[in-house]
Amino acid sequence: MAEAADFPGTSPSPARRWLRRTAALLAGAPLLAGMLQLSAEPTAHAATPSAPADATGSSTVDVSLNKLTPTAPTDGDTLTISGTVTNESKQSVTGAEVGLRLGPVLNGRSQIDSAAKRTGYRPGADGTEVGGKYVKKFSKLAPGIRQDFSISVPVKALDLGADGVYQLGVSLTGRTPAQPWSQVLGFERTFLPWQSGAADTKTKTTYLWPLVSTSHLTAETGSDEQQTPVFTDDDLAKELAPGGRLEQMLSLGRQLDVTWVVDPDLLASVDHMTRNYRVQTADGKSTTAGKNQALAKDWLNKLEQTVKNKKVVALPFADPDLASLAHNGRTVTGSLGQLKDATDAGAMAVDSILHVKPQSDFAWPVDGALDPSIVDVSTSAGAHTVIARSDSLREGNALPYTPNAARPIGGGTTAVVADARLSTAFQGDMTGAEDSTLAVQQFLAQSLMVTLQDPDKQRSIVVAPQRMPSASQAQSMAKALTALSEERWSEPQDLSAAAKAKPDPAATTQVPSARAYPAALRKQELPKSAFTSIQGTQNKLNRFQTILTEPDRVITPFGRAIDREMSTSWRGRAAEAATFRQGVADYLTTLVEQVALIDKSDAKLSGRSATIPVTVQNNLVQGVDHMVLRLTSENPTRLKIGGKAYWEQPVKISGGHAQSVKFTTTANANGPVPVYAQLYTEDGQPYGKRVQFDVNVTEITLTVMLVIAGGVLLLVLAGFRMYTQRKRAARKQAEEGPEEGPEDGPEDGQDGESGTEPGKDDPEQPSDPTPDTAPESTDPSDTGERVDR
């Protein structure tokens, strides 16, 4: 309205101009605010994706600490730290400088744990830079480019104070376009164990050095006299080859004062490789000749020389999973007996192969985790000492120091409790130089702190690392132990001495309950079905060996294969474990079926008795004995075997031969009768499948009729001959009677009335019914008279 009142060509009055400007400003304020809001939102959203390019803080540059020497310096040493720095942002870093930061001395093992878990740089907590000439400068760090650095500083320049564990940091300071002032852009921390001289009281340290591998041998052996073994693969040779895991464990361990813990199955497998052996092909249907005899001989010879006159602990054969057995196999009949056999076999194997008398009374559950059932199973096999771990037998908060490893846990059993921090120090990936360096420094720091907890109280500790360290893990372990070998604050001790050390009265001796057993470990255990399958194979082996003339050829390979089915190495490999168990069971079944009855077709029995043969085939390379073959009639009223319902005969057959066993049968009536043959062991257990067939008792056949007719004819002819001979004898007797006088005999032409027989001289006719003998006389017989009866 004000604008309408103005006339063109005239200027508004000052009051009107002020009113108009004020109104315009008020009207435009909301629009301006909206425009500012719209323009600000896209800017905020656009900044989000570019955040990595403008990264600031101690994660901008990755600092890798790859080498620190010496690991535990003393007075007069020069500390050298080497590594790399990599700019991980998208912007260049200028004015970069790598320096060392010495933090405060740490007071306790838990402070070491906390410092190791921290990431990034924290002002005040990570010390001050040593500075001066002990820095490495870079004018520019381009994005993604890695630069090497190395800093050497005399230990005296660090101005270390009292003995202890110091935090040592490596920092990179620099500037970025986003924040163009000097700041810490990368940081890595480690630990510097410092002890100027030897400790007055040293900690006795026992380090277990395990030689354990996965199972490689099958139950199959060759038919030759040497029983050539068959391996599932040739991967064991890779572990024994230079640079391989087992080669590194041996070559590094030879230079250390450690306690060797050996799985006898590994020794037996390598020992088999020193001679002829075969390897299964990928499909498992055939085998090829192994070619790594020289490699196996060299490794085994070096091991024998290394452990001579040293303490060796023998695990039960194949390192059975004690926790799985306690939780899932204990209720399966025979499982605990299998563990005892594995313990005995393990001690014998180490003695015969390495020629040292091992200790076999130690049990080592997985990760040292205990509960009462694991202790019970361990001691049932003869163990007197159980190797546990401190994260299983936990100490109370009231104990300010690490106690001795030995603990009495009842029943005459000792638990040797390994230190969890030291035992797990090298479980990670040690292939990277930084990971290995940090692990070694943390291990040494924790070891020194044990001594510093109570310098006047000597402790005896045990370190039980993972069962199968990789080559890089073994190298890191050896590096840490080499630093301890200088005996600055630690001295070596074998496991037997650690187990006999005086227990600390304040240390816990309470075995955790079953509910406290780690769930992650329980998930990896062998199921109960595995132990049921194992025992089924064992029962079949027990029956099979009773019939063999050379049972050791089967007992040894199958017994050790059954031990391998319980191995701890199957944890996390359930499918492979099931395949191995099935392979052992199938091969045993194949051998058992080599002794069997030959199928028999139905038989016909013509007549009332006959002999029935049954054939037993033995395709084994050895003979079988102590068996009986039973033939049974299912209708003994119609057909009897040996005069009764069934009959048994012993069976003894050489290898590769067959034997035909004959049974006499008697038929009482015609018709088919089911008959079955079954092999039995001497204790009455059925062996193999039975063979069933029918015996058909038929009417007398034409052949039999002819035979019978011929017999009857012979009887008739014999009777007729006897008849004619009797007639001739009677007539001859009559002719040789007393001579008749004239007065006694009748005249010619007279009839027979005078008492003589009429027609006496007439010729005899064949049809006359003459009696077989002459008429008997009542008068006494004269001397020499022939009487026919």
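Cut-offs applied
Residues numbered from 1 in each chain as written. Predicted model: local features only at pLDDT ≥ 70, side-chain atom pairs only at ≥ 80, totals over all residues. Heavy atoms only, no water. Helix = DSSP H or I, 4+ residues; strand = E, 2+ residues; numbered from the N terminus. Buried < 20%, exposed > 50% of the residue type's maximum accessible area, 1.4 Å probe, protein only. Contact = heavy atoms within 4.5 Å. Areas by Shrake-Rupley, 256 points an atom, 1.4 Å probe, with all protein chains shown as cover. Salt bridge = Lys/Arg side-chain N within 4 Å of Asp/Glu carboxyl O. Pairing = 2+ DSSP bridges. Axes fitted to C-alpha atoms, helices over the stretch in contact; angles between N-to-C directions. Expected span 1.5 Å × (residues − 1). Arc of directions from axis to C-beta. Core = buried A, V, L, I, M, F, W, Y, C linked by side-chain atoms within 4.5 Å. Parallel < 35°, antiparallel > 145°, perpendicular 65-115°, else oblique. Nonpolar A, V, L, I, M, F, W, Y, C, P; charged D, E, K, R; others polar. pLDDT = per-residue confidence, 0-100. Right-handed = clockwise from strand over helix to strand, strands pointing away. Left-handed = near helix turned anticlockwise from the far one by under 90°. Phe/Tyr/Trp six-rings, centres within 6.5 Å; stacked < 30°, edge-to-face > 60°. Lys NZ or Arg CZ within 6 Å of the ring centre and 35° of its normal. Patch = residues over 30% accessible without salt bridge, like charges linked within 9 Å, V, L, I, M, F, W, Y side chains within 5 Å.

**A word on the overall build of the protein**
In step 1: The secondary structure content of the protein amounts to 19 helices and 30 strands.
In step 2: For the protein, the proportion of its 789 residues judged to be buried stands at 43%.
In step 3: Partitioning the intrachain contacts of the protein with sequence separation of at least 6 by distance along the chain shows that 77% fall at a separation of at least 24.
In step 4: By element, 52% of the accessible surface of the protein is carried by carbon and sulfur atoms, the whole surface being about 40,500 Å².

**A few points about the pattern of salt bridges**
Pairing is possible between side chains that carry opposite charge, provided their charged atoms lie close to one another.
In step 1: Applying the stated criterion across every chain, the model contains 21 salt bridges.
In step 2: Residues Asp-391 and Arg-389 are paired through a salt bridge, measuring 2.9 Å at the closest nitrogen-oxygen approach.
In step 3: Of the residues examined, Asp-391 reaches a relative accessible area of 29% and is grouped as partly exposed.
In step 4: In this structure, Arg-407 engages Glu-395 in a salt bridge whose closest nitrogen and oxygen atoms are separated by 2.6 Å. In this pair, Arg-407 is assigned in strand S18 (residues 406-410) and Glu-395 in the loop between strand S17 (385-389) and S18, connecting sequence segments 12 residues apart.
In step 5: The exposure class of Arg-407 is buried, given its relative accessible area of 3%.
In step 6: Residue Glu-395 is classed as partly exposed on the basis of its relative accessible area, which comes to 25%.

**Some words on the sheet that holds strand S6 (residues 146-154)**
In step 1: Taken together, the 3 strands give an open sheet; going across it, the order is S1-S2-S6, and neighbouring strands pair in antiparallel fashion. Both outer strands of the open sheet, strand S1 (61-69) and S6, are each paired with one neighbouring strand and no more. This sheet shows a mean twist of 20° between the axes of neighbouring strands, independent of strand direction.
In step 2: As defined by bridge partners, S1 adjoins strand S2 (residues 78-87) across 8 bridges and the pair is classed as antiparallel.

**What about helix H7 (residues 293-306)?**
Think of an α-helix as 3.6 residues a turn; residues three or four steps apart then line up on the same face.
In step 1: In a regular helix each residue adds 1.5 Å, so 14 residues correspond to 20 Å; H7 covers 20 Å between its end C-alpha atoms and thus fits that length.
In step 2: Among the residues making up H7, those that are buried are Gln-293, Ala-296, Trp-299, Leu-300, Leu-303 and Thr-306. When H7 is viewed along its axis, its buried side chains cluster within an angular range of 165° and face the same direction. Turned more than 90 degrees off the buried face of H7, the exposed positions are Ala-294 and Gln-305.
In step 3: The inward-facing, buried residues of H7 contact strand S9 (203-211), helix H4 (235-240), helix H5 (245-253), strand S12 (259-262), helix H6 (264-273) and helix H9 (335-354).

**Points about the nonpolar core**
In step 1: Counting 73 residues, the largest nonpolar core has Phe-544 and Leu-629 as its most contacted members.
In step 2: The element that contributes the greatest number of residues to this core is helix H18 (residues 574-592), accounting for 6 residues.
In step 3: Residues contacting Phe-544, with those up to four places away along its chain left out, are Val-554, Leu-588, Leu-591, Val-592, Leu-620 and Tyr-687.
In step 4: Judged by nonpolar contacts, the second largest core, of 67 residues, contains Tyr-207, Ala-268, Tyr-277 and Val-307.

**Quick word on H6**
In step 1: Burial analysis of H6 places 8 of its 10 residues in the buried class, the great majority of the element.
In step 2: Along H6, the residues that are buried comprise Pro-264, Asp-265, Leu-266, Leu-267, Ala-268, Ser-269, Val-270 and Met-273.

**Considering the packing of helix H16 (residues 528-545) against helix H17 (residues 552-565)**
In step 1: Between H16 and H17, the shortest axis-to-axis distance is 10 Å and the interhelical angle comes to 175°. Regarding the angle of H16 to H17, the classification is roughly antiparallel. Across the interface between the two elements, Ile-534, Thr-537, Gln-538, Leu-541, Phe-544 and Gln-545 from H16 touch Val-554, Ile-555, Phe-558, Gly-559, Ile-562 and Glu-565 from H17.
In step 2: A class-by-class count of the residues in the contact of H16 with H17 yields 7 nonpolar, 4 polar and 1 charged.

**Side note on the sheet that holds strand S23 (residues 603-606)**
In step 1: Here 5 strands make up an open sheet; going across it, the order is S23-S30-S29-S25-S27 and the pairing mixed. In this open sheet, the two edge strands, each paired with only one partner strand, are S23 and strand S27 (646-653). Neighbouring strand axes in the sheet, compared pairwise and without regard to direction, differ in orientation by 30° on average.
In step 2: Here strand S29 (residues 671-681) runs beside strand S30 (residues 686-698); their pairing, made up of 9 bridges, is antiparallel. Counted as the bridge partner of Val-673 is Val-695 from S30.

**Side note on the confidence of the model for the protein**
In step 1: Per-residue confidence for the protein averages 86 on the pLDDT scale, and 84% of its residues sit at or above 70.
In step 2: With pLDDT under 50 throughout, residues 1-55 is counted as low confidence; its partners more than four residues away or in other chains account for 16 contacts.
In step 3: Contacts from residues 739-789, a stretch scored under 50 in pLDDT, to residues over four places away or in other chains number 13 contacts.

**Topic: the side chain of Thr-203**
In step 1: Mapped onto the secondary structure, Thr-203 falls in strand S9.
In step 2: Look at Thr-203 and you get buried, because its relative accessible area is 4%.
In step 3: Apart from the residues lying within four places of it in its own chain, the contact partners of Thr-203 are Val-450, Thr-451, Arg-459, Ile-461, Trp-489, Ser-490 and Glu-491.

**A few points about the pairing of S17**
In step 1: Among the 5 residues of S17, 5 are classified as buried, and the element is accordingly described as predominantly covered.
In step 2: Side chains Thr-385, Ile-387 and Arg-389 project from S17 onto one buried face, and the interleaved Val-386 and Ala-388 project onto a second face that is buried too.
In step 3: The sheet contact formed by strand S16 (residues 362-363) and S17 spans 2 bridges and is parallel. Looking across to S17, one finds that Ala-363 is bridged to Val-386.
In step 4: Once you follow S16 into helix H10 (residues 372-380) and on to S17, the crossover reads as right-handed.
In step 5: Looking at chain direction, S17 and strand S19 (residues 413-418) are connected through 5 bridges and run parallel. What sits directly across from Arg-389, in S19, is Ala-418.

**Things to note about the packing of H5 against H7**
In step 1: Running from N to C, H5 and H7 cross one another at 30°; their axes reach a closest spacing of 10 Å. On the basis of the axis angle, H5 is roughly parallel to H7. Of the two elements, H5 crosses H7, and the hand of that crossing is left-handed. Along its contact with H5, which presents Leu-246, Glu-247 and Leu-250, the element H7 presents Trp-299, Lys-302, Leu-303 and Thr-306.

**A look at the environment of Val-105**
In step 1: Its place among the elements puts Val-105 in strand S3 (residues 93-106).
In step 2: With relative accessibility at 33%, the residue Val-105 sits in the partly exposed group.
In step 3: Here the alpha-carbon distance between Val-105 and Pro-193, two residues 88 residues apart in the chain, equals 9.6 Å.
In step 4: Not counting residues within four places of it along the chain, the set of residues in contact with Val-105 comprises Gly-164, Val-165 and Tyr-166.

**Side note on the packing of aromatic side chains**
In step 1: Scanning the entire structure with this criterion turns up 7 aromatic pairs.
In step 2: Here Tyr-207 and Trp-209 contribute two aromatic rings whose centre-to-centre distance is 6.2 Å and whose plane-to-plane angle is 50°, an arrangement assigned as tilted. Each of the two residues, Tyr-207 as well as Trp-209, counts as buried.
In step 3: Through successive ring pairs, a cluster of aromatic residues spans Tyr-207, Trp-209, Phe-426 and Phe-443.
In step 4: Above the ring of Tyr-676, the side-chain terminus of Arg-690 is found at 4.0 Å from the ring centroid.

**Details of a nonpolar patch on the surface**
In step 1: Where nonpolar side chains cluster on the molecular surface, the patch consists of Leu-713, Leu-714, Val-716 and Leu-717 and spans about 410 Å² of accessible area.
In step 2: Summarising the element assignment, Leu-713 is placed in helix H19 (residues 702-735).

**Some thoughts on unusual backbone geometry**
Trans peptide bonds make up the majority, and among non-glycine residues the majority have a negative phi.
In step 1: Omega for the peptide link from Thr-69 to Pro-70 comes to -15°, which places this bond in the cis form.
In step 2: Positive phi is not limited to glycine here, since Asp-319 has a value of about 50°.
In step 3: Along the chain, the position of Asp-319 falls in the loop between strand S15 (312-314) and helix H8 (322-329).

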